[in-house]
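# An overview of the molecular structure
Chain by chain, the residues:
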Amino acid sequence: MSDNPEGAVTPDTIQRLQAEVPAAFAMLAGMQLGLFSELAGGPRSVAELAATLGVAEDRLARLLYALVAVGLLETRETGFANGPEAASFLVKGRPDYVGGVHELLNQLWHADMLTAQSVRSGRPAALHDFAAASDADMAAMLRGMHGTAIASGRELLRRFNFSRCRSVVDIGGGSGGLVATLCDARPGLKGILFDLPRTAALAADILAATPGGDRVTIETGDILRAPPGGTHDAVVLRALVQVLGQADAARAIANAAKALRPGGTLYIMGGGILDDSRVSPRSAVFLNVTFMNLYEAGAAYTEAQHREWLLAAGCSDMQRVTLSTGSGIIAATRQS
Ligand SMILES: C[S@@+](CC[C@H](N)C(=O)[O-])C[C@H]1O[C@@H](n2cnc3c(N)ncnc32)[C@H](O)[C@@H]1O
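Residues numbered from 1 in each chain as written. Predicted model: local features only at pLDDT ≥ 70, side-chain atom pairs only at ≥ 80, totals over all residues. Heavy atoms only, no water.

Within the protein one finds 13 helices and 11 strands. Compactness check: the protein gives a C-alpha radius of gyration of 22 Å against a globular reference of 20 Å for 336 residues, within 12% of the reference. Across the 336 residues of the protein, 46% fall into the buried class. Accessible area of the protein: about 16500 Å², with a carbon and sulfur share of 54%. For the protein, the distance from the average position of its 29 positive side-chain charges to the average position of its 33 negative side-chain charges is 6 Å. (Helix = DSSP H or I, 4+ residues; strand = E, 2+ residues; numbered from the N terminus. Rg over C-alpha atoms; globule rule 2.2 N^0.38 Å. Buried < 20%, exposed > 50% of the residue type's maximum accessible area, 1.4 Å probe, protein only. Areas by Shrake-Rupley, 256 points an atom, 1.4 Å probe, with all protein chains shown as cover. Lys, Arg positive; Asp, Glu negative; His and termini not counted. Charge placed at Lys NZ, Arg CZ, Asp CG, Glu CD.)

As a further point, take the pairing of strand 5 (residues 216-220). As defined by bridge partners, strand 4 (residues 190-195) adjoins strand 5 across 5 bridges and the pair is classed as parallel. Each residue of the ladder has a partner; that of G191, found in strand 5, is V216. What joins strand 4 to strand 5 is helix 10 (residues 197-208), and the crossover it makes is right-handed. (Pairing = 2+ DSSP bridges. Right-handed = clockwise from strand over helix to strand, strands pointing away.)

This part covers the UniProt feature "domain: O-methyltransferase C-terminal" (unreviewed entry) in the protein. In the numbering adopted here, UniProt assigns the feature "domain: O-methyltransferase C-terminal" (unreviewed entry) to residues 127-314. Secondary structure within residues 127-314 divides into 44% helix and 20% strand; the distance between the first and last C-alpha atoms comes to 33 Å. (UniProt positions renumbered as here; feature names shortened; annotations may be inferred.)

What follows concerns the environment of A50. When you line up the elements, A50 lands in helix 3 (residues 46-53). A C-alpha to C-alpha distance of 6.9 Å links A50 and L60, two positions 10 residues apart in sequence. Ignoring any residue separated from it by four or fewer positions in sequence, one finds A50 in contact with V55, A56, E57 and L60. (Contact = heavy atoms within 4.5 Å.)

A word on unusual backbone geometry. With omega at -10°, the peptide bond leading from S280 into P281 counts as cis. Relative to the helices and strands, P281 is located in the loop between strand 8 (273-274) and helix 12 (282-294). We note that A239 has phi near 55°; this positive angle belongs to a residue other than glycine. Residue position: A239 is located in the loop between strand 6 (232-238) and helix 11 (246-258).

Spelled out as C-alpha cells, the structure:
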C-alpha cells in the first residue's frame, strides 16, 4: 500500500536538498582536517585522534559520527576507521587520492552561497580573475584541481589511443597533473604545459612532485593572443573553455587547433559541457550556476556551441563522451 494514497504533493525534494548540504560540509571538514589520512593506519579512538590533531574531543566526535552517517567512516570496537571509499580516495599519498579537492570546494561552495546576490547585481559576487587572483588563491585552486587533473589524464588514456601520439600540449594546464600523467604512461611522449606566466610559475613545484612531471616542459603564453609554438599530435583544453566568455572560448579553440598537425586531435574536457537541453548532465547544470558567481563571462556551454566553435576552427569528426561524474570529453580531429 502506498504511503501517500491520495497522491498529495509532499516536500520530498525540498527536504532531500536540505539534508544533502550538511553531509557534504561534513565531508569537506573531514578533508580539511586530514582525518582520513590520520586513519590510514587503522582504527583510532576519538581521544587518540583528538590528541594527534590537537583539537577538543567533543566537537571532533560529533564530526566523526556524521562521517559514519554519510558512509565515509565506520565504527569499530577500538574507535573509528576509514570506510572503503575513504581508504582508497581520501588518504594522502594513495595513488587515487582526491582529498586535496577541499581547497577547490572551499572556493566553489563559498561562491555558491552568493548566487542570489550575483543574480540580483548582474555581477559575479565571488569574482575569480585569473590575472588578479592572489598567488595563495591560485595555488589553492591548482592544488585543489590536481587530483582530478591526474584522474582526467588516466581517463583520456583509458578512452583514447595515445600509442602514436608523440607530443601533446595541455593548454591552461594548471598544475600540469593531466599532461604529467600522460607522459608517465607513455615514455615516448613529449608533454608541454601551456599556461599564463603566473600560473605556470606556481605549477612548477606541483609538477616536480608529480609522476611524469619531470618530462613536461613549461611554456608560458596567453591562448587568447597566440597558439603555443610548434605543431603537435594532440592538444588538451581541460576546464579552460568554461572559464571564458563565448567569443574568447571560440578564440581559444581556434588558437588551440592551430597548434595541431593536420589529423591531430583536440580534446576539450571538463565539468562545463552541457547537453543541448541545458538540464543535463546535472553536474554541468550546477557548475554553470557556480560559474556565474565566479566569472564575468565564463559558463558551461552546450554540445552544439562546442561543435560550432570546433567546426570554425577547422576540426571535425567530433566525438563526445560523458563520464559517470557528469564531466565530459569532446574529441575532434583537425582537418588538413
Ligand atoms: C580552471 S583552471 C584549469 C586548470 C587545469 N586545466 C585543470 O583542469 O586542472 C583554468 C586554467 O586556465 C588558465 N588560463 C586562464 N586563462 C588563460 C589564457 N588566456 N591562456 C592560457 N591559460 C589560461 C588558468 O591559469 C588556469 O590554469
